[in-house]
Structures are given as C-alpha cells and as structure tokens.
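For reference, the chains in residue letters:
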Amino acid sequence: MIDLRSDTVTRPTEAMRAAMARAEVGDDVYGEDPTVLALEERVADLFGHEAALFTPTGSMANVLAVASLVSPGQEVLCESRAHIARAELGAHASIGGVTMRTWVDEGGQIDLPVIRRLFAPDMGPFFVPTAAISVENTHNFAGGAVLPLADLRDLREFATEVGTGVHLDGARIWNAHVATGTPLREYGAIADVLAVCLSKGLGAPVGSLMVGSADAVAEARVRRKRMGGGMRQVGILAAAGLHALEHHLERLAEDHEHARILAEALGADPAAVSTNIVVVDRPDAAEVVVRAREEGVLLSTVGPTALRLVTHLDVDRPAVDRAARFLATL
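Residues numbered from 1 in each chain as written. Predicted model: local features only at pLDDT ≥ 70, side-chain atom pairs only at ≥ 80, totals over all residues. Heavy atoms only, no water.

Engineer: Mind laying out the packing of helix 1 (residues 14-21) against helix 11 (residues 235-247), listing which residues take part and the relevant values?
Structural biologist: Two elements in contact, helix 1 and helix 11, have axes whose closest approach is 8 Å; the angle formed by their N-to-C orientations is 135°. Taken as axis vectors, helix 1 and helix 11 run oblique relative to one another. Where helix 1 crosses over helix 11, the two elements pack in a sense that is right-handed. Between helix 1, through Ala15, Met16, Ala19 and Met20, and helix 11, the contact on the second element is made entirely by Ile236, Leu237, Ala239, Ala240, His243 and Ala244. Each residue belonging to the contact of helix 1 with helix 11 can be placed in one class, and the counts come to nine nonpolar, one polar and no charged. (Axes fitted to C-alpha atoms, helices over the stretch in contact; angles between N-to-C directions. Helix = DSSP H or I, 4+ residues; strand = E, 2+ residues; numbered from the N terminus. Parallel < 35°, antiparallel > 145°, perpendicular 65-115°, else oblique. Left-handed = near helix turned anticlockwise from the far one by under 90°. Contact = heavy atoms within 4.5 Å. Nonpolar A, V, L, I, M, F, W, Y, C, P; charged D, E, K, R; others polar.)

Engineer: Explain the sheet that holds strand 9 (residues 277-281) residue by residue, including any values.
Structural biologist: Taken together, three strands build an open sheet; the order of strands is 9-12-11 and the sheet is antiparallel. The sheet terminates laterally at strand 9 and strand 11 (300-303), the two strands that pair on one side only. Neighbour to neighbour, the strand axes of the sheet diverge by 35° on average, direction disregarded. As paired strands, strand 11 and strand 12 (residues 306-310) are joined by three bridges and run antiparallel to one another. Paired with glycine 303 across the bridge in strand 12 is alanine 306. (Pairing = 2+ DSSP bridges.)

Engineer: Quick one: what's the story with the packing of aromatic side chains, residue by residue and with numbers?
Structural biologist: Overall, the coordinates contain two aromatic pairs when judged by the stated rule. Ring plane angle 85° and centroid distance 5.9 Å describe the contact between phenylalanine 119 and phenylalanine 158, whose orientation is recorded as edge-to-face. Here phenylalanine 119 is found in the loop between helix 6 (112-118) and strand 5 (130-136), whereas its partner phenylalanine 158 is found in helix 7 (residues 149-162), with 39 residues between them in sequence. With relative accessibility at 16%, the residue phenylalanine 119 sits in the buried group. (Phe/Tyr/Trp six-rings, centres within 6.5 Å; stacked < 30°, edge-to-face > 60°. Buried < 20%, exposed > 50% of the residue type's maximum accessible area, 1.4 Å probe, protein only.)

Engineer: Lay out helix 12 (residues 252-265) in plain terms, naming residues and giving numbers.
Structural biologist: The end-to-end C-alpha separation of helix 12 is 20 Å, in line with the 20 Å expected for 14 residues at 1.5 Å each. Taken as a whole, helix 12 has its buried residues at Leu252, Asp255, His256, His258, Ala259, Leu262, Ala263 and Ala265. As for helix 12, its buried residues are in contact with helix 8 (173-180), strand 9, strand 12 and helix 14 (317-327). Two residues or fewer past helix 12, glycine 267 is found with a positive phi of approximately 85°. (Expected span 1.5 Å × (residues − 1).)

Engineer: An account of the pattern of salt bridges is needed here, citing residue identities and associated values.
Structural biologist: Summed over all chains, the structure comprises 18 salt bridges. In this structure, arginine 282 engages aspartate 284 in a salt bridge whose closest nitrogen and oxygen atoms are separated by 3.0 Å. Taken together, the shared-partner salt bridges in this structure form one network comprising Glu257, Arg317 and Asp321. (Salt bridge = Lys/Arg side-chain N within 4 Å of Asp/Glu carboxyl O.)

Engineer: How would you sum up unusual backbone geometry? Please name residues and give values.
Structural biologist: In terms of backbone geometry, most residues other than glycine have negative phi values and most peptide bonds are trans. With an omega dihedral of 0°, the bond running from asparagine 137 to threonine 138 counts as a cis peptide bond. With a phi angle near 55°, leucine 89 is a residue other than glycine that sits in the positive phi range. By the element assignment, leucine 89 lies in the loop between helix 4 (83-86) and helix 5 (91-94). Relative accessible area serves as the criterion here: at 83%, leucine 89 is assigned to the exposed category.

Laid out in structure tokens, this is it:
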C-alpha cells in the first residue's frame, strides 16, 4: 500500500532504530536522561529560546504551550481551522479552561486587521480577555500553507504593542524552514512559546517538544506530570528525534516535490503546493478514498468534500509516480 493519509505513518529507518538501541538513558522524571536533555537543549537552541520540554504528543506540547500564556477563563485567538481548534478534541477547553475565538482565512494565513478587531484587552470582570494569539506554520488543513515571515513579524509587533502572547504551532515548522530557507531562529523570534513535532515529516516514531523560556518550561514540566506525561527512560525515543534532526531535515524538499507531482495528477495547480500536503475539493471525496484503497493507495478526507494527501519519508519517487498514475484517472 502507498500510504498518503498522513506523514505520521512513517516507520523508523534501520539507522534510526540503531540510534535508539544505543541511546544512553536515565529517569527523565528526575531530569536525568542525558539523551532527552541533549534533545531539549538542541531544539531550544535551534529556535533561539532558553529551554524545551520533550512530550509524547504534539497535542500535549500545544496544550502545555498555550497554558503557559493563557489562564483558565482567558482566550486564545486562532484561525478557524487551526489544529488547536479542530484536531485536539477540545483539550484546551477541557484541560486548560481556555476559550477560543477565530478568524477565517481560506489559505490559513494571518489576517492582522481582523485580529486587531478581535483582540480583547482586560476590561475587568465583564469580558473574556485575549491572552494569546496562535498561528500554525505550516497550516495543516490549509494544505501545508507557509505563513510569510513578514506577516509573522507584523503579528509579533502587534502582540507586543497590546501586551499579549504569541503561540506558534510548529508541528511542521521544519517544512516551512526547508521550503523557504527561513532560519528556524527567525521563526522562534516571533513566538513566546512554540510546539514542534518530530513524528511527522522528520520520521521519528514518537515525540514533540514545547519550546519557550526557562520559567515557562519549568511550569510545563509540572503540568506534563499532572497530565500523565511523565516518562522514565525515554531517551530511547529522544534518540530517534536527534537522529531525525541530523539526517531527515533537508530531505523534506523531496516530499515537497512529490506533493506537487500528486497535485498536478489531480488537476490542481502544483505551484500552489508549498510543502508536503495537498488538499483538493472533491464532491466525491469519500468515494475516491474507497476507490484509491482498492488500487493500493491510502488517502484521507478532512471534510465532506476535502481530500488530503500527505507525502513523507516512506513514499519514494516510484511510489509517487504509481499513485499519480491512478489519481490522473479520477
């Protein structure tokens, strides 16, 4: 089967498995796993922040990151199809007591004039105050769209002006970095706190990190334990992340090229595909998924008429060409 449902389906390479097998480990709840500490230090440095915290999932990293900025009863603003709003099962409300208001942009982009109108200052015990603005780069449900650095900087300037925080959901920030050449530190500079994922395009089996100030990460470490996320000899998993950062980052450009090939096969504009995700509108999306499975190609839907394809480490060029030949018959 050619699995294009998500970049989360990748399996560790033999080299990654070897790195995991030889990982030096300790008890991470005690803060004594040297491989975890090395991963956290490296990722924090990549983004120019003081500290990072290894988590089992991207959703947990996002919940911890948002909670570091938004207290119960306060709100975070985000785009209407943001992962934190649509794909984390209401965790920010149910766990963090956080409310959300959203702006709508078909391309998943920042709409600063609308954000300015949405922003609610603290006006006492009458209205919900805006404590943070969240952006997602790349934007999953907008087809892996990249947010321009200039827009992110404008948002940072506005947030500083009004005294609110910025959360960056950077689950696929690595793809944005490779697609645009923007240094990771430039992305880190626009956010108070980030969440980044190792188990999507980078191909690690498990793991994300919350990135931020030393104080925010220390507070998040307590929350992580409270949420059941305290892990022991987890350096085995952290080693996979370190290997991925060393060996799988630059190859993301191949995934982007493959996504454009698939988009063209579907009759979409390949130039509109920024990274490794293709989302096309098909009234028969559910039927296409069934037909594709019969042909050995796994696709997914992200809405009643939205068909999604995601390229990744486990789908090489021959597999992409085979999938494209089928897709061109639709």
